[in-house]
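So the chains spell out like this:
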Amino acid sequence: MSAKLQAPRGTFDVLPADAAPRHGVERAAQRILEAAGYRRIETPAFESTELFARGVGEATDIVQKEMFSFEEYSLRPEGTAPVCRAYLEHGMHKLAQPVKLWYLGAYFRHERPQAGRYRQFWQVGAEAIGSHDPSVDAEIIVLLHALLGELGARELRLRLASLGTPASRAGYRELLQAYLREHADDLSPEARTRIDLNPLRAFDAKDAATQRVMDRAPRLADHLDAEDREHFDAVTELLGRAGVEWELDDRLVRGLDYYTRTIFEFTSDALGAQSGVGGGGRYDGLIEQLGGQPTPGCGFAAGVERMLLAAEERPQPEAGCDLFLAWEPSERSDAFALATEARRAGLAAQLDLAGRSIKGQMKQADRAGARYVAILHPDGTVLRDMDSGQEEKVERPGVVAGVLKGRHAL
Ligand code: ATP
Ligand code: MG
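Residues numbered from 1 in each chain as written. Chains lettered and ligands numbered in written order. Predicted model: local features only at pLDDT ≥ 70, side-chain atom pairs only at ≥ 80, totals over all residues. Heavy atoms only, no water.

Here we take up the overall build of the protein. Secondary structure assignment for the protein yields 14 helices and 16 strands. With the C-alpha coordinates of the protein rotated into their principal frame, the extents come out at 95 × 60 × 40 Å. When the 410 residues of the protein are sorted by exposure, 49% land in the buried category. In the protein, the proportion of contacts linking residues at least 24 apart, taken out of those at least 6 apart, comes to 70%. (Helix = DSSP H or I, 4+ residues; strand = E, 2+ residues; numbered from the N terminus. Buried < 20%, exposed > 50% of the residue type's maximum accessible area, 1.4 Å probe, protein only. Contact = heavy atoms within 4.5 Å.)

As a further point, take the pattern of salt bridges. Within the structure shown, the criterion is met by 29 salt bridges. Between R371 and D385 there is a salt bridge whose closest N-O contact spans 2.7 Å. Taken together, the residues R371 in strand β14 (residues 370–377) and D385 in strand β15 (residues 380–385) connect sequence positions 14 residues apart. A relative accessible area of 15% places D385 in the buried class. (Salt bridge = Lys/Arg side-chain N within 4 Å of Asp/Glu carboxyl O.)

Moving on to the pairing of β15. Strand direction decides the pairing type here: β14 and β15, joined by six bridges, are antiparallel. Among the inter-strand pairings, L376 is bridged to a residue of β15, identified as T381. Taking the residues that link successive antiparallel strands as the turn, the β14-β15 hairpin has two residues. One ladder, built from four bridges, connects β15 with strand β16 (residues 391–394); its direction is antiparallel. Pairing of T381 across the sheet is with V394, part of β16. Between β15 and the antiparallel strand that follows it, β16, lie five residues; G389 among them carries a positive phi value of about 80°. (Pairing = 2+ DSSP bridges.)

What follows concerns the nonpolar core. Across soluble globular proteins, nonpolar side chains show a tendency to be buried alongside one another. Counting 46 residues, the largest nonpolar core has L176, L180 and M214 as the members making the most contacts within it. If you list the elements that add at least two residues to this core, you get α2 (49–55), α3 (61–65), α4 (80–89), β5 (99–108), β6 (120–129), α6 (166–182), α8 (208–215) and α10 (286–289). The residues contacting L180, other than those within four sequence positions of it, are L187, I195, P199, A202 and M214. Membership of the second largest hydrophobic core comes to 40 residues, among which are V25, A106, I140 and V304. (Core = buried A, V, L, I, M, F, W, Y, C linked by side-chain atoms within 4.5 Å.)

Residue P98 is bonded to the preceding Q97 through a cis peptide linkage, with omega at -5°. The residue P98 is located in the loop between α4 and β5 in this model. Backbone geometry places E155, a non-glycine residue, at a positive phi of 45°. Structurally, E155 is set in the loop between α5 (134–151) and β7 (156–162).

In this structure, K94 sits in the loop between α4 and β5. Separated by 278 residues in sequence, K94 and Y372 place their C-alpha atoms 55 Å apart.

The next point concerns helix α12 (residues 332–344). Here α12 is 13 residues long and its end C-alpha atoms lie 18 Å apart, about the 18 Å a rise of 1.5 Å per residue gives. Within α12, burial applies to A335, L338, A339 and A342. For α12, the arc enclosing every buried residue in end-on projection is 105°, short of the 170-degree limit, so these residues lie on one face. In α12, the exposed positions angled more than 90 degrees off the buried face are occupied by S333, F336 and R344. In the segment just after α12, G346 is the residue with positive phi, at about 95°. (Expected span 1.5 Å × (residues − 1). Arc of directions from axis to C-beta.)

Moving on: the sheet that holds strand β8 (residues 247–248). Across the sheet, eight strands lie side by side as β1-β5-β6-β11-β10-β9-β7-β8; this open sheet has mixed pairing. Each of the sheet's edge strands pairs with one partner strand only, and the pair in question is β1 (39–40) and β8. Sheet topology note: the strand β10 (residues 276–282)/strand β11 (residues 297–303) ladder contains five bridges and is antiparallel. Its bridge partner lying in β11, R282 is registered against C298. Of the strands in this sheet, β5, β6, β7, β9 (260–268), β10 and β11 are in contact with α5, which crosses β9 at around 10°. (Axes fitted to C-alpha atoms, helices over the stretch in contact; angles between N-to-C directions.)

On to the sheet that holds β15. Read across the sheet, five strands follow the order β13-β12-β14-β15-β16 without closing on themselves; strand pairing throughout is mixed. Taken across any chain shown, the strands that pair with only one partner, and hence form the sheet edges, are β13 (349–351) and β16. For this sheet, the mean angle separating the axes of adjacent strands, direction not counted, is 25°. Here strand β12 (residues 321–327) pairs with β14 via six bridges, running parallel. Following the sheet pairing, L325 is matched in β14 by A374.

For the structure on display, the rule yields eight aromatic pairs. Geometrically, the ring pair formed by F12 and W122 is tilted, given 5.9 Å between the ring centres and 50° between the ring planes. Note that F12 is positioned in the segment before α1 (16–35) and W122 in strand β6, a separation of 110 residues in sequence. Arranged with centres 6.2 Å apart and planes meeting at 85°, the rings of F232 and W246 form a pair that is edge-to-face. Of the two residues, F232 sits in helix α9 (residues 226–241) while W246 sits in the loop between α9 and β8, which places them 14 residues apart along the sequence. Take W246: its relative accessible area is 34%, and that puts it in the partly exposed class. Feature note: the residues F12, Y118 and W122 constitute an aromatic cluster, connected by ring pairs. Sitting above the plane of the W122 ring, R22 keeps its charged end 4.8 Å from the centroid. (Phe/Tyr/Trp six-rings, centres within 6.5 Å; stacked < 30°, edge-to-face > 60°. Lys NZ or Arg CZ within 6 Å of the ring centre and 35° of its normal.)

Moving on, we get to α1. With 20 residues, α1 should reach 28 Å at 1.5 Å per residue; the first-to-last C-alpha distance of 29 Å fits that figure. Taken together, the buried positions of α1 are R22, G24, V25, A28, A29, I32 and L33. Within α1, the buried residues cover an arc of 135° as seen down the axis, which keeps them to one side. Of the exposed residues in α1, the ones pointing more than 90 degrees away from its buried face are P16, A17, R27 and A35. Elements that come into contact with the buried residues of α1 comprise β5, β6, α5, β11 and α11 (304–310). Residue G37 follows α1 closely and has a positive phi angle near 90°.

Rendered as structure tokens:
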């Protein structure tokens, strides 16, 4: 006997009943981001593995453990590196800067599946490429805040920090490395092996002993230079002007190597262990890392499933049905033609597709929530108003006009 076929572990089907709230996320994202001048971009679902090795970072969990790779390609685990690749490939530096882009699509990470953690999930993201100005950082944060608000995400917190620049970070990095080496015996094996490549990640450790060491570790916030601090202060001043509350989190590290200066994360206390709803930051070194001229950038990415988990469930309006066409066997082709005509006229029209009895078709029309039903008999046509129950004999060519008139009268 062959095994039962199922969706792969960590993936899910979006069934029709789940589609409406997801579509709501897309509509809200489109409205909010496009109103701010962001234009949609879509990049391929897979890219060369090298793009992510260079653009996300060799020493990150994503690249080391979470990519689905085949031949020289990987399914995209995130969207920023691909969007920056597209910016370079299409010479977008020639456009007015910053170039403001948004995207929504499926992303793939080989993780242990849990509530809110999947191997294929969807992200909405926005990137503003080509400006150092702190207003970009603030705008990116304010737009994600607006999207989360629009979706009704509950118990939100915004954590914010500055990572400085690679130059201002270098001295601190050495300091932290020395501290970590001093306490190497108390670190998890993972944190220990990362001392050289990615010491900051130790702040993100789940292991209790490592966390205790990190409680007393030197903080980057105390080692930023004056320009970093000025940039950070400007971002927070603008957030204040927009009425967005935030808290400083000087242990915040993000799982990608490319961040500089501003990093942020929105979490929802309404979610369990997987509390991260969306985050992002500034990545001034990334485009150069991918082979371009030094070009600043800043963006966010938010998980569609986590946003929906964090949001209050709301009743979704049904699609509606203006006209249902019921037909006796000899009238099939007229019913089909009328359905086509009705749809072309902008009506939501359905017809029976299973050869039911008239009684069965009336039940079907009821289930569809039809406003009118046209019943096509060999000797004439009856139009039934499903609200009042009134029926009248009509001429077939007048059915669509009749429903349109009825709809306007409402
Ligand atoms: P986490 O700490 O939960 O692993 P992350 O830091 O890896 O998140 P990002 O790379 O910043 O997440 O991705 C942005 C958003 O995408 C997250 O805030 C989350 O909402 C969503 N996300 C990330 N990984 C997954 C996943 N495996 N399944 C579902 N959503 C995810
Ligand atoms: Mg992760």
